[in-house]
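Observations on chain architecture
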Amino acid sequence: MDKPKIMKLVNGEKGNIIKITSLNLDGVMRRRLLDLGFVTGALVEVVRKSPLGDPIAFRVSQTTIALREEESSKIEGELVSDGN
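Let us look at the structure shown here. Keep in mind that what you see is a predicted model, and the values were worked out from it rather than measured.

**Observations regarding the overall build of the protein chain**
Assigned secondary structure in the protein chain consists of two helices and six strands. Reading the secondary structure of the protein chain in the N-to-C direction produces β-β-α-β-β-β-α-β. The C-alpha atoms of the protein chain give 12 Å as radius of gyration, which agrees with the globular expectation for 84 residues (12 Å, within 12%). Dimensions along the principal axes, computed over C-alpha positions, put the protein chain at roughly 40 × 30 × 20 Å. Within the span of the protein chain, comprising 84 residues, buried residues form 32% of the whole. If you take every contact in the protein chain between residues at least 6 apart in sequence, the share linking residues at least 24 apart comes to 61%. As displayed, the protein chain offers around 5400 Å² of accessible surface, 48% of which is attributable to carbon and sulfur atoms. Each charge class in the protein chain can be summarised by its mean position, and for the 13 positive and 12 negative side chains these summaries are 3 Å apart.

Put into structure tokens, the structure is as follows:
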């Protein structure tokens, strides 16, 4: 069996589905993302990347939200599907 591929959300490509394993954020931003559905075990789809790569749009819990590299680089997950 293959070893799960752990990656940061910022490194996801369009169409990837990533299962969140950890949020390395504190304070208000952590609370805000938890409220939006960025919780451990949630599936996040990479919807769209800006031409320069920042921000990136993600879909979680039927909501689409754009996160800057600063936030998305602090969320780790396991690649579930590469979109193919």
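**Some words on the sheet that holds strand S2 (residues 17-23)**
Sheet architecture is open: six strands sit in the order S1-S6-S2-S3-S4-S5, paired in antiparallel fashion. Since the sheet does not close on itself, it has two edges, and those belong to strand S1 (6-8) and strand S5 (63-67), each with one partner. When strand polarity is set aside, the average angle formed by the axes of neighbouring strands in this sheet is 40°.

**Points about the nonpolar core**
Counting residues in each nonpolar core, the largest one holds 18 residues, and the members touching the most others are Phe38, Phe58 and Ile75. Within the residue set of this core, elements represented by two or more residues are S2, strand S3 (43-49), strand S4 (56-60) and S5.

**Overview of the side chain of Glu71**
Looking at where Glu71 falls in the secondary structure, it is placed in helix H2 (residues 69-72). Of the side chains bearing the opposite charge, Arg68 lies closest to the buried Glu71, which forms no salt bridge; the N-O distance is 5.8 Å.

**Re the pattern of salt bridges**
Summed over all chains, the structure comprises three salt bridges. For Arg31, the salt bridge is made with Asp35, and the minimal N-O distance between the two is 3.0 Å. With Arg31 and Asp35 both in helix H1 (residues 27-36) and four residues apart, the pair spans about one turn of that helix. Ionic pairing is found between Arg59 and Glu45, a salt bridge with its closest N-O pair at 3.2 Å. Taken together, the residues span a long stretch of sequence, with Arg59 in strand S4 and Glu45 in strand S3 at a distance of 14 residues.

**What about the pairing of S2?**
Two elements, S2 and S3, share three bridges in a ladder whose sense is antiparallel. Bridged to Ile17 within S3 is Glu45.

Rules used throughout
- Residues numbered from 1 in each chain as written.
- Predicted model: local features only at pLDDT ≥ 70, side-chain atom pairs only at ≥ 80, totals over all residues.
- Heavy atoms only, no water.
- Helix = DSSP H or I, 4+ residues; strand = E, 2+ residues; numbered from the N terminus.
- Rg over C-alpha atoms; globule rule 2.2 N^0.38 Å.
- Buried < 20%, exposed > 50% of the residue type's maximum accessible area, 1.4 Å probe, protein only.
- Contact = heavy atoms within 4.5 Å.
- Areas by Shrake-Rupley, 256 points an atom, 1.4 Å probe, with all protein chains shown as cover.
- Lys, Arg positive; Asp, Glu negative; His and termini not counted.
- Charge placed at Lys NZ, Arg CZ, Asp CG, Glu CD.
- Pairing = 2+ DSSP bridges.
- Axes fitted to C-alpha atoms, helices over the stretch in contact; angles between N-to-C directions.
- Core = buried A, V, L, I, M, F, W, Y, C linked by side-chain atoms within 4.5 Å.
- Salt bridge = Lys/Arg side-chain N within 4 Å of Asp/Glu carboxyl O.

Function cannot be inferred from these measures alone, as they are strictly geometric.
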